[in-house]
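Listed below, chain by chain, are the residues.
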Amino acid sequence: MPTSEAETAVSSETVAGSTTTDALTYQSIIDSANGILIGFVERIPHFVASLIVILIFWFLSIVFKKIVHKLLGSRSRHQNLVKVFQRVGGALIIFIGFMIAMVIAVPGFTPAKLIGALGIGSVAIGFAFKDIFQNLLSGILLLISEPFRIGDQIVSGEYEGTVEDIKIRATTIKTYDGRQVVIPNSDLYTSALTVNTAYKQRRLQVAVGIGYEDDIEAAKAEILRALDKVDSVSTKANPSVIATGFGGSSIDLMVRWFIEDGTQANKVASIHQVIVEIKLALDAAGVNIPFPIRTIDLSDPSVTSIVNKMNEQQALDVNKAATE
């Protein structure tokens, strides 16, 4: 069936309209891309300036830390406080530089808008970062109050080791077996903490058992003479030997002495030396260091009755065997 001229005209107009629409859409995309590209190219100097500002303020934070260290670093009693000034001040300088860089790089950006945005989400942010903020505050308080310093040996919960670094969020310790443990500052600030090297002197003790037949005072004198031979035992505090109880197989003595260096390595070495010298001294003096002993008392009548029955049964067995 032949196509009429009217239908042909309508079809041509439809194709032409579709082509025009596609062309306009394509042109609008090209124009948008060109606008973005032109805008980006125009902002490149601002981005470069922002980067330069950040680098300048980063350099200023380094200079600030060095100045603080030079002015306060000689105060050995406040090394943690120096770290507070360095880290908090350095972070504040970098933050100020970041804000200035954002103002330069982003059109229409102002610190007030950022503060307003933070204000809107402050509740959600507070809940989301509660633990982080708590650790940050605890870290600052630890650095200011200085319950321990870098190099101290501490015990926190099940962890014991040497403090390697005290950061704003967490404290890093190195255990005696060579492992690294990162402890949140909130745990250190709110829980019991033992600082083994807080004082120069440290008292150590070891238990010694002597036989019931030995003279306690004579054994005590031998142990004290043995302690005098150990170099690690402090001469500024007198060691002591006291009887602490009647053991199952020995008289229990507690030997106590002080060392001048309270580190773990010196503690272990001193205990070893003391035990060796005490053993040599007691052996030389003939003082017995008994093994665990159990005594069976056979004088009880019930025991005698059991023994007699066993003897009678044995005799019956022998007679029965002889008869057979």
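Up top is the structure.
Residues numbered from 1 in each chain as written. Predicted model: local features only at pLDDT ≥ 70, side-chain atom pairs only at ≥ 80, totals over all residues. Heavy atoms only, no water.

Colleague: Help me understand the nonpolar core, please; the structure alone is not making it clear to me.
Modeller: Note that soluble globular proteins tend to have their nonpolar side chains buried in a common cluster. Of all hydrophobic cores here, the largest spans 21 residues; its most connected members are Ile223, Val255, Trp257, Val274, Ile278 and Leu282. Of all the elements in the fold, those that place two or more residues in this core are β6 (202–210), α7 (216–228), β8 (251–259) and α8 (264–285). Ranked by residues supplied to this core, first place goes to β8 with five residues. When neighbours within four sequence positions are excluded, Ile223 is seen to be in contact with Val241, Leu253, Val255, Ile278 and Leu282. (Core = buried A, V, L, I, M, F, W, Y, C linked by side-chain atoms within 4.5 Å. Buried < 20%, exposed > 50% of the residue type's maximum accessible area, 1.4 Å probe, protein only. Helix = DSSP H or I, 4+ residues; strand = E, 2+ residues; numbered from the N terminus. Contact = heavy atoms within 4.5 Å.)

Colleague: When you look at the sheet that holds strand β2 (residues 159–166) in this model, what are you seeing that I'm missing?
Modeller: Backbone-to-backbone hydrogen bonds pair the strands of a sheet. The strands run either parallel or antiparallel. Overall, antiparallel pairing links the five strands, which are arranged β4-β3-β2-β1-β5 in an open sheet. A strand with exactly one partner marks an edge of an open sheet, and here the two such strands are β4 (180–184) and β5 (194–195). (Pairing = 2+ DSSP bridges.)

Colleague: What am I meant to see in the environment of Thr194 here?
Modeller: Considering the arrangement of structural elements, one finds Thr194 in strand β5. Classification of Thr194 as partly exposed rests on a relative accessible area of 41%.

Colleague: Sorry if this is basic, but what is going on with unusual backbone geometry here?
Modeller: Phi is mostly negative for residues that are not glycine, and the peptide bonds are mostly trans. Within the chain, Glu146 stands out as a residue other than glycine whose phi angle is a positive 55°. Among the structural elements, Glu146 can be located in the loop between α5 (130–145) and β1 (153–156). Assessed through its relative accessible area of 15%, Glu146 is described here as buried.

Colleague: Quick question: what am I supposed to make of the sheet that holds β8 here?
Modeller: Read across the sheet, three strands follow the order β6-β8-β7 without closing on themselves; strand pairing throughout is antiparallel. Both edges of this open sheet fall to β6 and β7 (240–246), since each of them pairs with a single strand only. Shown here is a sheet whose adjacent strand axes are inclined to one another by a mean of 25°, direction ignored. Along the sheet, α8 makes contact with β6 and β8, crossing β6 at roughly 30°. (Axes fitted to C-alpha atoms, helices over the stretch in contact; angles between N-to-C directions.)

Colleague: Got a minute to help me understand the pattern of salt bridges in this structure?
Modeller: Between side chains of opposite charge, a pair can form as their charged atoms come close. Counted under the stated rule, the structure contains three salt bridges. Among the salt bridges present, the one from Asp177 reaches Arg179, with a minimum N-O distance of 3.1 Å. Residues Asp177 and Arg179 agree in their burial class; the two are exposed. Arg225 serves as the salt-bridge partner of Glu222, at 2.7 Å between the closest nitrogen and oxygen. Taken as a pair, Glu222 and Arg225 lie in helix α7 at a separation of three residues, close to a single helical turn. (Salt bridge = Lys/Arg side-chain N within 4 Å of Asp/Glu carboxyl O.)

Colleague: Which parts of the structure should I look at to understand the side chain of Thr175?
Modeller: You can see Thr175 is positioned in strand β3 (residues 170–175). Here Thr175 falls in the buried class, since its relative accessible area comes to 8%.

Colleague: What's the story with the packing of aromatic side chains in this structure? I'm lost.
Modeller: We describe a pair of aromatic rings using the distance from one ring centre to the other and the angle between the two ring planes. Within this structure, the stated rule accounts for one aromatic pair. Judged by centre distance (6.3 Å) and plane angle (10°), the ring pair of Tyr212 and Phe246 falls under stacked. Separated by 34 residues along the polypeptide, Tyr212 in the loop between β6 and α7 and Phe246 in strand β7 bring together distant segments of the chain. (Phe/Tyr/Trp six-rings, centres within 6.5 Å; stacked < 30°, edge-to-face > 60°.)

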